[in-house]
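# Inside the fold
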Amino acid sequence: MRELTYVARRTVEWREAPDPKLQSGKEAIVAPVAATSCDVDSSILAGHGFIDPPFSLGHECVARVVETGDAVTTVAPGDLVVVPWSINCGTCERCRAGLTAHCTAVPYMAMYGAPIGGNWGGLFSDLVRVPYADAMLVPLPAGLDPVAMASASDNWSLAWRLVAPHLKARPGARVLVVARGSIGLYVCDIARALGASEVLYVDPDPEHRTLARAFGAATAETLDPIPQDYDIAVEATGRVDQLALTVKSLSPEGICESAGNHFRPGELPLLDMYLNGVTLRIARDNVRAHIPHALELAASGRVAPEKVVSHVIDWEDLPTALPEKHLKPVFVRADD
């Protein structure tokens, strides 16, 4: 089989690898049919990552189950499934608590798409081994388009977690979104669908702002601090200066979720945050626990994740097209 390999800044190539084999009865082999790049992949391709190449890329996809072990009960060959980005067993204490990104059965930070916590390959591969099929794989609900939901492995489900639980606790809250990619746009769509009274989307990209307005958000090119104005804020830029402006815009006891990968250091206005009573969460997402909820919302028809898909591109064009700057390209191949 082939796996797409990051080899240098803005350079990827197909490399041959052995076909994965089942290593226990709990495993499955899947074939991605619609895979997309995460916002962090853009940083890696731009040379801002902290891991030296080469390594296999890709951690967001919908796949077709090809083979399952004897102990697998929740999926079968032929099923379409969402493959979560992190490797998790589903049975350790942390997994049972929903902390699937911190599973103790595998090395720390075990994931697809980067050689962290072992080498699990990437989801831009012809075939992928899933070590805990029952715990990890989530069947795609009937009627949902694999292209629209290719990001359910990470960004779409992450966006649900960033805003949905907070809006449930604070109905009608005002939401600020400071972003540079797909996560922020998904948040706009979800926030409006779940009853936010106002959504402001901040992004220098005019095309992104146009799309945010289609989701019912007000938009701005830059953020001037609006003291004590927003109940919930989501920062997804990876820039500490933008995170600092975001937390300054919160109302007293406001909540800020940071989904940016902050590869570079910076300073936060800690005294202002203390005086205003800010809750700040910066975290990798325990995505497996949230995928079913995010898929349920997508299936309700109240949101339109397909609008964020910027390009649909043939699988064979991955090496040339992935390094190009697209908002949310989805790479598809024939689903035999």
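The coordinates are above.
I will try to describe carefully the structure that is included in this document. This structure is a prediction, so every number in the text was calculated from the model and none was measured.

Moving on: the overall build of the chain. Regarding its fold elements, the chain presents ten helices and 16 strands. Rg of the C-alpha trace for the chain: 19 Å, near the compact-globule value of 20 Å for 336 residues, within the 12% margin. By principal-axis analysis of the C-alpha atoms, the chain measures approximately 55 × 40 × 35 Å. When each of the 336 residues of the chain is scored for burial, the buried share is 56%. Considering only contacts in the chain between residues 6 or more positions apart, those separated by 24 or more positions represent 67%. Summing over all exposed atoms, the chain offers an accessible surface of approximately 13900 Å²; the carbon and sulfur share of this is 51%. Side-chain charges in the chain split into 29 positive and 41 negative, and the spacing between the mean points of these groups amounts to 4 Å.

The three strands are arranged β2-β1-β4 in an open sheet whose pairing can be described as antiparallel. The open sheet has two edge strands, β2 (11-16) and β4 (55-56), and neither has a second partner. Relative to β4, strand β1 (residues 2-8) is paired through two bridges, and the arrangement is antiparallel. By the bridge assignment for β4, Tyr6 is matched with Phe55.

This brings us to the pattern of salt bridges. A side chain with one charge may pair with a side chain of the opposite charge, provided their charged atoms come close. In the structure shown here, the tally under the stated rule is eleven salt bridges. For Asp285, the salt bridge is made with Arg161, and the minimal N-O distance between the two is 3.0 Å. Linking Asp285 in the loop between β14 (279-282) and α9 (291-299) with Arg161 in helix α4 (residues 155-169), this pair joins segments that are 124 residues apart in sequence. Exposure class is identical for Asp285 and Arg161. Each is buried. Connected through shared salt-bridge partners, Arg2, Asp126, Glu316 and Arg333 make up one network.

About the criteria used
Residues numbered from 1 in each chain as written. Predicted model: local features only at pLDDT ≥ 70, side-chain atom pairs only at ≥ 80, totals over all residues. Heavy atoms only, no water. Helix = DSSP H or I, 4+ residues; strand = E, 2+ residues; numbered from the N terminus. Rg over C-alpha atoms; globule rule 2.2 N^0.38 Å. Buried < 20%, exposed > 50% of the residue type's maximum accessible area, 1.4 Å probe, protein only. Contact = heavy atoms within 4.5 Å. Areas by Shrake-Rupley, 256 points an atom, 1.4 Å probe, with all protein chains shown as cover. Lys, Arg positive; Asp, Glu negative; His and termini not counted. Charge placed at Lys NZ, Arg CZ, Asp CG, Glu CD. Pairing = 2+ DSSP bridges. Salt bridge = Lys/Arg side-chain N within 4 Å of Asp/Glu carboxyl O.

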